[in-house]
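Coordinates in review
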Amino acid sequence: MNQCIVCLGRVSLSRGFSFVLSLAALLLAGGVFPLLGQDAAIQSSMARFHPAEGRQGMVATQEANATRAGLNVLKEGGNAVDAAVTVGFTLAVTLPRAGNIAGGGFMLAHLAESGKTIAIDYREKAPLGGFRDMFLDEKGEADSEKSRYSLLAAGVPGTVRGLALALENYGTISLARALQPAINLAENGFPVTDGLRKSLLEARERLQKSPAARKVFYNADGTPFKSGEILRQPDLTASLRLIAEKGPDAFYTGSIGARIAADMEAKGGLITLNDLASYQPVIRPVVKGAYRGYEVLSMPPPSSGGVHLIQILNLLEPYDLRSMGQQSAESIHLMAETMKLAYADRSKHLGDPDFAAIPVDGLISKEYAEHLRRTIKRDRAKPSNAIAPGQPRIFQESEETTHFSIVDRWGNAVANTYTLNLSYGNNYMVPGTGILLNNQMDDFSAKPGTPNAFGLIGGEFDAVEPGKRMLSSMAPTIVLKDGKPFIITGAAGGSRIISTVLQIIVNVIDHQMNIAEATNAPRVHHQWYPEELRVETGLSPDTLRLLMEKGHSISIKKTMGAAQSIHIEQGKLFASPDPRREDALAEGY
Ligand code: GLY
């Protein structure tokens, strides 16, 4: 997890003391610490902003080979869904910490001809042998080692059937064509980038406990490949080839599934062939909001992403953020106060809609926002313990993720976010398959009320149940202007996904920034608990001081979120990869 690099304001010490840091410390912190971590990639030469006059299609992903694979599909006449499926499989090879075939995710696709936008839910599910207390230790406490780094941590994967469903319903190319770049890159290899090498170094201790992963990603002496050395993945090549030849069933009912199930049985995992065979993605209606005349379409439950994105936009709408200024204490204060209210609601009301009635319409209604807004004070931060989940009306009816955005020449658009959950998932590769497993079971509430890996508190609706989908924060989003795609966005970042996507939208719509400015601007985040207003470096010390005077506990940590976004303005395509990820690339043709 990200560590607190500098915590300002009320800083809790280990013995429970707290104090307010002096302005001198604040100035020192604000001036001395640059963007840090894997995300120190602001200098990246790969990350390019494309003022793409006259371009017909655009692809923005977190990894350059995948961007180019998707772009080639567009150039050959494929549509945005064809390119998205190609990118999805390619990232499983070139961005193994998040790209995947044994994870899950969500795809939003805007179909220009019908004007409809659909949401494909290919989120993982709990195996049928899963049960409520499966991640508690003998003392009844949540055992995060078990929920993150054991075979039990893996949910039944959804990616292969999810991408295949998208292609079958909305694409034009064959599955074999979509898989070809992934197969080529796995078989012939590709040069290891600085970003890949760094992530392999960070994951070294855990990944090397998996003999198959150790063999693929490290030299015999345990060192990761150097930047520029060629990484080949022969077992993954064979798995991808099987899927290309036999279709998704190769994964779910065929020999790949058989290997996964046998390995699970031999080593104490829960996923059976029956779990795999019965897994199905679901096409769901998008959640819809309206913000300053734009239509905001995003992912419904089992993601909380779309619901709370729209809820926060509703809360913010009456405020004149533009005249307050993008980095003013006043606008950041309002963002923080509205985020807290939404994340408090998330802890109680969100979960898998197939298992509980989720009050989506209540949460995203303007009336509910109006009611909640009355509790916001312009001059004072409300302590988290004075905030509880609200009571939206129940209408009668229910740290390593990656996002990519694609637009084609016909105006179709795809926003796709998918994940293994944490970097390299549960850090286990199924022998003989080249496939890394997710650790998405950690997104369930192991013990309702106890935080998960992102510090998020989950409620009863997110307790483990057989066949249930775990709650997500992923928020692939398409904003329409006059019925046509205007912003296509989404982000990695666990609990920070919602606030990252929110800030992209607010930066473009309210602060009139171009998509590169909107992406690069320092981000802020408040998720109710922990009680901290987390900020990236780059905010001015006087803004931080004003926020502290309003009662915020400021915490400067690593960068937050990684958004890959496209902005369409007057028919022109603009894209921006997130410079917080050094291998990201947006390119058009
Ligand atoms: N695993 C991160 C999310 O789904 O929100």
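For clarity, every value in this text was computed on a predicted model and none was experimentally measured. Sequence order as written defines the numbering, with residues in each chain counted from 1. Local features in this predicted model are restricted to residues of pLDDT 70 or higher, and side-chain atom pairs are both shown and tallied only at a pLDDT of 80 or more, whereas totals for entire chains, interfaces and linings draw on every residue. Side-chain numbers here rest on the full set of heavy atoms in the structure, without hydrogens or water.

What follows is about the side chain of threonine 419. The secondary structure listing takes helices from DSSP runs of H or I that are at least 4 residues long and strands from runs of E that are at least 2 residues long, numbered from the N terminus. As for its placement among the helices and strands, threonine 419 is situated in strand β14 (residues 413-419). The exposure class assigned to threonine 419 is buried, which follows from its relative accessible area of 2%. A distance of 2.7 Å separates a polar side-chain atom of threonine 419 from the backbone nitrogen of asparagine 421. By definition, residues are in contact when any of their heavy atoms lie within 4.5 Å. Apart from residues no more than four positions distant in its own chain, threonine 419 is found in contact with Ala98, Asn100, Gly103, Gly104, Arg123, Glu124, Glu400, Thr401, Gln440 and Met474. Partly exposed residues are those whose accessible area sits between 20% and 50% of the maximum for their type, while under 20% is buried and over 50% is exposed, using a 1.4 Å probe and protein chains only. In the analysis that follows, any N or O atom pair within 3.5 Å is treated as a polar contact, provided that within protein one partner can donate a hydrogen and the other can accept it, and provided that, for residues neighboring in sequence, both atoms belong to side chains.

Glancing now at the packing of aromatic side chains. Aromatic ring pairs are described here by two measures, namely the spacing of the ring centres and the angle between the planes. A pair of Phe, Tyr and Trp rings is counted when the ring centres sit within 6.5 Å of each other, with Trp represented by its six-membered ring. The angle between the planes then sorts it: under 30 degrees is stacked, over 60 is edge-to-face, the rest tilted. Summed over all chains, the structure comprises six aromatic pairs. Among the aromatic side chains, those forming a connected cluster through ring pairs are Phe251, Tyr252 and Tyr279. Sitting over a ring, as applied to charges here, requires NZ of Lys or CZ of Arg to be within 6 Å of the ring centre and within 35 degrees of the ring normal. Just above the ring of tyrosine 149 sits the side chain of arginine 206; from NZ or CZ to the centre is 3.6 Å.

Here leucine 111 shows up in strand β6 (residues 104-111). Overall, the relative accessible area of 17% leaves leucine 111 in the buried class. C-alpha of leucine 111 to C-alpha of asparagine 79: the two residues are 32 residues apart in sequence and 10.0 Å apart in space. Each residue touching leucine 111, except ones within four places of it in the same chain, is listed here: Lys116, Ile118, Tyr170 and Asn412.

For the rest of this paragraph, the subject is helix α5 (residues 159-170). Between its first and last C-alpha atoms α5 spans 16 Å; for 12 residues at 1.5 Å apiece the expected length is 16 Å, and the two agree. The buried fraction of α5 amounts to nine of the 12 residues, a majority that puts the element mostly inside the structure. Considered for burial, the residues of α5 that qualify are Thr159, Val160, Arg161, Gly162, Leu163, Ala164, Ala166, Leu167 and Tyr170. Given a helix with a known number of residues, its expected span is that number minus one, times 1.5 Å.

Before going further, it helps to spend a moment on the site of the ligand. Residue proximity to a molecule or strand is established when one non-hydrogen atom of the residue lies within 4 Å of it. In the vicinity of the ligand, the contacting residues are Arg123, Asn421, Gln440, Asp443, Ser472, Ser473 and Met474. At a separation of 2.7 Å, a nitrogen atom of the ligand approaches a polar side-chain atom of glutamine 440. Contact distances for the ligand include 2.7 Å between an oxygen atom and a backbone N or O atom of serine 473. Working definition of accessibility: Shrake-Rupley area with a 1.4 Å probe, residue cover restricted to the visible protein chains. Protein contacts shield 98% of the accessible area of the ligand, which totals 200 Å² for the unbound molecule. The residue classification treats Ala, Val, Leu, Ile, Met, Phe, Trp, Tyr, Cys and Pro as nonpolar and Asp, Glu, Lys and Arg as charged. All others, Gly included, are polar. For the shell around the ligand, the class distribution of residues is one nonpolar, four polar and two charged.

The next point concerns the packing of helix α2 (residues 64-75) against helix α3 (residues 80-94). Look at α2 against α3: their axes get within 8 Å of each other, and the N-to-C directions meet at 155 degrees. One way to sum up the angle between α2 and α3 is to call them roughly antiparallel. When you trace α2 past α3, the crossing you get is right-handed. Only Ala80, Asp82, Ala83, Thr86, Val87, Thr90, Leu91 and Thr94 of α3 make contact with α2, whose side of the interface consists of Asn65, Ala66, Ala69, Gly70, Val73 and Leu74. Among the residues making up the contact of α2 with α3, the classes are represented as eight nonpolar, five polar and one charged. Interaxial angle, 0 to 180 degrees, is taken between N-to-C directions of lines fitted to C-alpha atoms, where a helix line uses only the stretch in contact. Just so you know how the angles are binned, under 35 degrees is roughly parallel, over 145 roughly antiparallel, 65 to 115 roughly perpendicular, and the rest oblique. Definitions for this section: a left-handed crossing has its near helix turned counterclockwise from the far helix by less than a right angle. A right-handed crossing has that turn clockwise.

Further remarks concern the packing of helix α6 (residues 175-188) against helix α10 (residues 234-246). Interaxial distance between α6 and α10 falls to 9 Å at its minimum, and their mutual angle equals 170 degrees. One way to sum up the angle between α6 and α10 is to call them roughly antiparallel. For the pair α6 and α10, contact is made by Leu175, Ala176, Leu179, Ala182, Ile183, Ala186 and Glu187 and by Pro234, Thr237, Leu240, Arg241, Ile243 and Ala244, respectively. Taken together, the residues that form the contact of α6 with α10 break down as 10 nonpolar, one polar and two charged.

Let us now look at the nonpolar core. Throughout, nonpolar core names a set of buried Ala, Val, Leu, Ile, Met, Phe, Trp, Tyr and Cys residues whose side chains join them through atoms within 4.5 Å. Judged by nonpolar contacts, the single largest core of 89 residues is most densely connected at Leu316 and Leu502. Top element by residues in this core is helix α16 (residues 329-349). It accounts for 10 residues. With sequence-adjacent residues up to four places away left out, leucine 316 is seen in contact with Tyr291, Arg292, Leu321, Leu334, Met335, Thr338, Leu502 and Val506.

In the segment running from proline 301 into proline 302, the intervening peptide bond is cis, with an omega of 20 degrees. With respect to the helices and strands, the residue proline 302 is situated in the loop between β12 (294-298) and α14 (305-316). The backbone of asparagine 421 sits at a positive phi, close to 80 degrees, despite the residue not being glycine. Its location among the elements puts asparagine 421 in the loop between β14 and β15 (429-430). Accessibility expressed as a relative area gives 2% for asparagine 421, which makes it buried. Residue glutamine 570 is not a glycine yet carries a positive backbone phi of 50 degrees. Looking at the element boundaries, glutamine 570 is found in the loop between β24 (565-569) and β25 (572-576).

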